[in-house]
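Report on the structure
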2 protein chains.
Amino acid sequence: MHKVLGYAAKHSFSRLGPFELERDEARANEVEIDVLFCGVCHSDIHQVKNEWANTVYPCMPGHEIVGRVRRVGAEVTRFREGDLVGVGCMIDSCGKCEPCLAGEEQYCEGPNSWLATYNGPMVPKLLAPGGENTYGRDNTFGGYSGLIVVREEFVLKIPAGLDPAQAAPLLCAGVTTYSPLRYWKVGPGMHVGVVGLGGLGHLAVKLALALGAQVTVFTTQEEKLEAAVKLGAHAVLEKDKTALGGLKNSLDFMLSTVPEKHDVNPFVACLKRNSTLCVVGAIEPLSPENNMERALHRKSVAGSLIGSIAETQQVLDFCALKNISPDIQLIKIQDINVAYERVESGEAHFRYVIDMSSLKAEAS
Amino acid sequence: MHKVLGYAAKHSFSRLGPFELERDEARANEVEIDVLFCGVCHSDIHQVKNEWANTVYPCMPGHEIVGRVRRVGAEVTRFREGDLVGVGCMIDSCGKCEPCLAGEEQYCEGPNSWLATYNGPMVPKLLAPGGENTYGRDNTFGGYSGLIVVREEFVLKIPAGLDPAQAAPLLCAGVTTYSPLRYWKVGPGMHVGVVGLGGLGHLAVKLALALGAQVTVFTTQEEKLEAAVKLGAHAVLEKDKTALGGLKNSLDFMLSTVPEKHDVNPFVACLKRNSTLCVVGAIEPLSPENNMERALHRKSVAGSLIGSIAETQQVLDFCALKNISPDIQLIKIQDINVAYERVESGEAHFRYVIDMSSLKAEAS
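Because the structure is a prediction, the values reported are computed rather than measured. (Residues numbered from 1 in each chain as written. Chains lettered and ligands numbered in written order. Predicted model: local features only at pLDDT ≥ 70, side-chain atom pairs only at ≥ 80, totals over all residues.)

Scanning chain A from N- to C-terminus turns up twelve helices and 18 strands. A globule of 364 residues ought to have a C-alpha radius of gyration of about 21 Å, and chain A, at 20 Å, matches this closely. In terms of principal-axis extent, the alpha carbons of chain A reach across some 60 × 45 × 40 Å. Residues classed as buried in chain A amount to 54% of the 364 residues present. Partitioning the contacts of chain A with sequence separation of at least 6, the portion at a separation of at least 24 is 66%. (Helix = DSSP H or I, 4+ residues; strand = E, 2+ residues; numbered from the N terminus. Rg over C-alpha atoms; globule rule 2.2 N^0.38 Å. Buried ≥ 20, exposed ≤ 12 C-beta atoms within 10 Å, placed from the backbone. Contact = placed C-beta atoms within 7 Å.)

Written out as structure tokens, the structure reads:
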């Protein structure tokens with residue numbers, strides 16, 4: 001048993017603070033990882049505040065984890081002590097359903113769906129058929145902690161050439177945008193729209209450009225226009241009706257990274273016939289969608305959830321190969337509550353990453 | 001100039017009544033058609049009542065037209081006097097835009113989009129870029145009339161073996177369901193859901209079955225359960241939560257034929273991962289869609305608009321080949337207002353077709 005220090009929230013109304021938990025030693029197929037860096041995802045905030053009404057407390061977020069292997073279980077073959085590794089949003093899945101067998105664990109249809117890195121099974125006991133919890137855990141504790149223990153199959157290799165701190169956001173923000181860009185076959189000659197320029201959005205821009213597409217960013221914040229252009233994209237203000245009118249029926253694919261309820265109709269209007277807007281930021285009821293806008297040019301609105309373990313490895317390798325890295329700001333764990341406020345107000349440029357060495361100040 | 005008798009509404013609040021109009025003689029590339037039968041589409045009612053806020057009065061509906069060629073223009077090569085022919089929702093398109101060149105005139109991106117069989121251009125002068133009307137007509141008059149004159153390219157051949165009255169609904173209801181079934185590649189081994197069992201829905205069932213799929217109908221009306229089974233489908237009541245729960249994540253494709261605002265979330269829940277619900281009945285803002293439902297299994301909600309001229313000919317030929325015919329009730333034009341009430345209350349089983357020989361009673 002490891003006594004592990006981390007940061008957690010005890011209630012939906014409380015701020016994050018130091019929290020000590022116990023983690024089991026690595027079983028035969030598991031890897032013990034000393035956490036070096038952990039990205040701050042907008043989901044962490046939704047979850048801490050119980051905005052999806054499913055939070056289990058204490059809530060210790062963190063699913064963009066980069067660390068170094070401390071110890072491996074006896075049957076682990078792909079990792080050894082000292083390896084630089086990553087852990088993303090999932091740490092287990094049923095392994096038996098059709099999506100799992102097809103290598104799409106993020107769509108696991110097992111009784112409890114996949115096991116999230118924090119907050120436990122995606123389908124908790126109460127909602128599961130037969131009221132079971134095949135993972136035996138109602139809660140899980142994420143990467144805002146000094147150590148995490150994860151099944152080998154859900155551990156990623158951080159390729160040489162990626163900065164460990166910059167690799168962290170690729171494990172959620174990266175794969176969440178990479179997966180739909182690949183599923184909808186974004187490539188050279190295509191014009192892609194990215195709605196929102198935050199943690200997910202700025203990675204969507206970098207990845208779509210690296211895949212050979214032309215990119216236009218849609219933002220509500222004037223100060224982000226320049227940032228988008230610096231990234232190599234075009235940029236328009238969402239309130240600029242003339243600009244949006246000029247883009248009508250022209251985009252081959254669009255990705256909305258807005259992390260809350262929003263109106264997708266103006267973006268659907270910009271899609272080319274037979275094209276898709278994929279919403280990855282919001283997992284809630286959106287504003288009413290006008291089916292006229294979709295029907296007039298056979299357009300689709302889709303959702304997509306993170307990405308598979310295979311795709312997570314792919315996006316890490318792709319970023320190493322293409323020299324892509326997220327724009328991050330390193331923070332101490334003690335500054336996490338201020339960071340949350342800045343993420344919510346859209347001030348982050350573009351991803352906070354916690355330097356977990358700051359945890360030592362707590363221990364001393 | 002032909003003096004032609006028909007039925008039209010003069011205002012959004014008025015009932016349909018006899019109306020005399022003038023139609024130009026066929027130009028070189030046009031065909032004059034004596035109307036024999038005309039289907040009654042739910043769109044006719046929306047349009048007459050100005051429910052889409054774009055109706056031009058007087059409004060003479062009818063876009064499921066079967067008739068006999070009276071005379072052809074000098075350059076017409078595909079038709080001659082006496083041929084049994086059909087006219088669907090479109091009578092012209094720009095012919096120059098990418099969709100038109102790709103044979104998808106229903107998505108015409110010309111300045112006025114396509115020219116509807118009744119009510120004029122899809123994009124009227126007021127809304128067109130530059131305020132133009134390339135068709136020179138603000139209003140058009142549909143098939144609730146004795147004669148119609150149409151460009152050769154927009155006239156369909158009614159294949160031998162199709163009953164002329166039964167062929168009529170294929171020209172809108174048929175192609176509107178056939179087009180998405182083909183676009184989303186419905187075929188053997190697939191399980192298709194059809195929401196709503198009216199004019200469109202019952203044809204969707206027949207077509208999907210003929211394409212080799214298994215079909216489940218979703219209906220709010222208990223009396224339609226048996227009708228669905230008679231057609232060869234399974235059927236569930238939408239309020240039957242247990243039945244819907246049993247279908248969760250199982251359908252390969254769904255088609256919603258409900259002709260008004262509705263909640264698609266319960267149907268999206270029934271879609272299999274990576275599958276699509278296509279909404280063809282409603283062209284208005286729908287109830288808010290929960291993106292969680294879409295994201296959890298990468299599902300899409302799409303719209304689709306009627307079908308191309310080529311697809312309209314295909315569905316006619318496919319129905320002749322497969323011996324498919326809509327279930328129709330023949331009415332006289334004098335009964336059109338009562339028929340509208342029954343369509344709105346869901347009493348029609350399943351499509352009213354006007355026997356246009358009844359118009360003669362008006363003329364005498």
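What relates the two chain copies is a rotation about an axis together with a slide along it. With an axial shift of 0.0 Å and an RMSD of 0.0 Å, the rotation relating chain A to chain B amounts to 180 degrees. Both copies of the chain, as the preceding transformation shows, are related through a two-fold rotation axis. Of the C-alpha atoms belonging to chain A, the one lying closest to the rotation axis is found on A:Pro288, 2.1 Å away. Comparing interface residues between copies, 100% of those in chain A also lie at the interface in chain B; the contact surface is shared. (Least-squares fit on C-alpha atoms with pLDDT ≥ 70 in both.)

Facing 30 residues of chain A, the contacting portion of chain B comprises 30 residues. Mapped onto the side of chain A that touches chain B, the elements with two or more residues apiece are strand 15 (271-279), helix 9 (291-295) and strand 16 (300-303) of chain A. The residue inventory of the side of chain A that touches chain B, partitioned by class, reads 14 nonpolar, nine polar and seven charged. Pairing analysis gives three bridges linking strand 16 of chain A to strand 15 (residues 300-303) of chain B, with the strands arranged antiparallel. Of the residues in strand 15 of chain B, the one forming a bridge with A:Val301 is B:Val301. (Nonpolar A, V, L, I, M, F, W, Y, C, P; charged D, E, K, R; others polar. Pairing = 2+ DSSP bridges.)

It is worth spelling out unusual backbone geometry at this point. Excluding glycine, residues mostly have negative phi values, and the peptide bonds linking residues are mostly trans. All names here are of chain A. Of note, the amide linkage connecting Tyr57 to Pro58 takes the cis form, showing an omega dihedral of -5 degrees. Relative to the elements of secondary structure, Pro58 occurs in the loop between helix 1 (42-48) and strand 4 (65-72). Between His349 and Phe350 the backbone carries a cis peptide bond, its omega angle lying at -10 degrees. Its location among the elements puts Phe350 in the loop between helix 11 (336-344) and strand 18 (351-355). The residue Ser113 is not glycine, and still its phi comes out positive at about 50 degrees. A positive phi angle is found at Lys185, which is not glycine, with a value near 55 degrees.

A few words now on the environment of B:Thr216. Residue and element names in this part refer to chain B. Along the polypeptide, Thr216 turns up in strand 11 (residues 214-219). For Thr216, a count of 21 C-beta atoms within 10 Å puts it in the buried group. Residues Thr216 and Val66 lie 150 residues apart in sequence; the distance between their C-alpha atoms is 31 Å.

So, about the sheet that holds strand 8 (residues 120-121) of chain A. Residue and element names in this part refer to chain A. Taken in spatial order, the three strands line up as 6-7-8 in an open sheet, and their pairing is antiparallel. Because the sheet does not close on itself, it has two edges, and the strands there are strand 6 (90-92) and strand 8. Taken together, the two bridges between strand 6 and strand 7 (residues 115-116) define a ladder with antiparallel strand orientation. In the strand pairing of strand 7, Met90 is matched with Ala116.

Before going further, it helps to examine the packing of helix 4 (residues 173-183) of chain B against helix 5 (residues 199-210) of chain B. Two measures define how a pair of helices packs: the angle their axes make with one another and the distance between the axes. Residues and elements named next belong to chain B. Running from amino to carboxyl end, helix 4 crosses helix 5 at an angle of 50 degrees, the nearest separation of the two axes being 8 Å. As judged from the angle between their axes, helix 4 and helix 5 are oblique. Crossing angle aside, the handedness with which helix 4 passes helix 5 is right-handed. Across the interface between the two elements, Ala173, Gly174, Thr176, Thr177, Tyr178 and Leu181 of helix 4 pack against Gly199, Leu200, Leu203, Ala204, Leu207 and Ala208 of helix 5. (Axes fitted to C-alpha atoms, helices over the stretch in contact; angles between N-to-C directions. Parallel < 35°, antiparallel > 145°, perpendicular 65-115°, else oblique. Left-handed = near helix turned anticlockwise from the far one by under 90°.)

The biggest cluster of nonpolar side chains holds 237 residues, and the ones touching the most others in it are A:Val192, A:Ala208, A:Met254, B:Val192, B:Ala208 and B:Met254. Apart from the residues within four sequence positions on either side, B:Val192 is in contact with B:Val186, B:Ala208, B:Ala213, B:Val215, B:Leu251, B:Asp252, B:Phe253 and B:Met254. (Core = buried A, V, L, I, M, F, W, Y, C linked by C-beta atoms within 7 Å.)

For the rest of this paragraph, the subject is the sheet that holds strand 11 of chain B. Here we have twelve strands laid out as an open sheet, ordered 13(A)-12(A)-11(A)-14(A)-15(A)-16(A)-15(B)-14(B)-13(B)-10(B)-11(B)-12(B), and mixed in their pairing. Edge positions in the open sheet fall to strand 13 (234-237) of chain A together with strand 12 (234-237) of chain B, since each of these has one partner strand only. Put simply, the sheet's adjacent strands are angled 20 degrees from each other on average, direction ignored. The sheet contact formed by strand 13 (residues 251-256) of chain B and strand 14 (residues 271-279) of chain B spans five bridges and is parallel. From the neighbouring strand, B:Phe253 faces strand 14 of chain B, where its bridge partner is B:Thr276.

All names here are of chain A. Taken domain by domain, chain A comprises domain 1 (2-172 + 327-363) and domain 2 (174-303). For domain 1 versus domain 2, the distance between C-alpha centres works out to 28 Å. Facing 13 residues of domain 1, the contacting portion of domain 2 comprises ten residues. When the residues that make up the side of domain 1 that touches domain 2 are grouped by side-chain class, the tally is seven nonpolar, four polar and two charged. (Domains from an automatic or database assignment.)

All names here are of chain B. Turning to its location among the elements, Glu104 is positioned in the loop between helix 2 (98-101) and strand 7 (115-116). On the basis of neighbour counts, which here come to 25 C-beta atoms within 10 Å, the residue Glu104 falls in the buried class. Counting along the chain gives 206 residues from Glu104 to Ala310, while the straight-line C-alpha distance between them is 8.3 Å. Filtering out sequence-adjacent residues up to four positions away, Glu104 remains in contact with Pro99 and Ser308.

Residue and element names in this part refer to chain A. Of all six residues that make up strand 12 (residues 214-219), five are buried, and the element is covered over most of its length. Pairing between strand 11 (residues 191-195) and strand 12: five bridges, direction parallel. When the bridges of strand 12 are listed, Val195 appears paired with Phe218. Taking the sense of rotation as the criterion, the β-α-β connection linking strand 11, helix 5 (residues 199-210) and strand 12 turns out right-handed. Relative to strand 13, strand 12 runs parallel, the two sharing four bridges. In the strand pairing of strand 13, Thr219 is matched with Leu237. (Right-handed = clockwise from strand over helix to strand, strands pointing away.)

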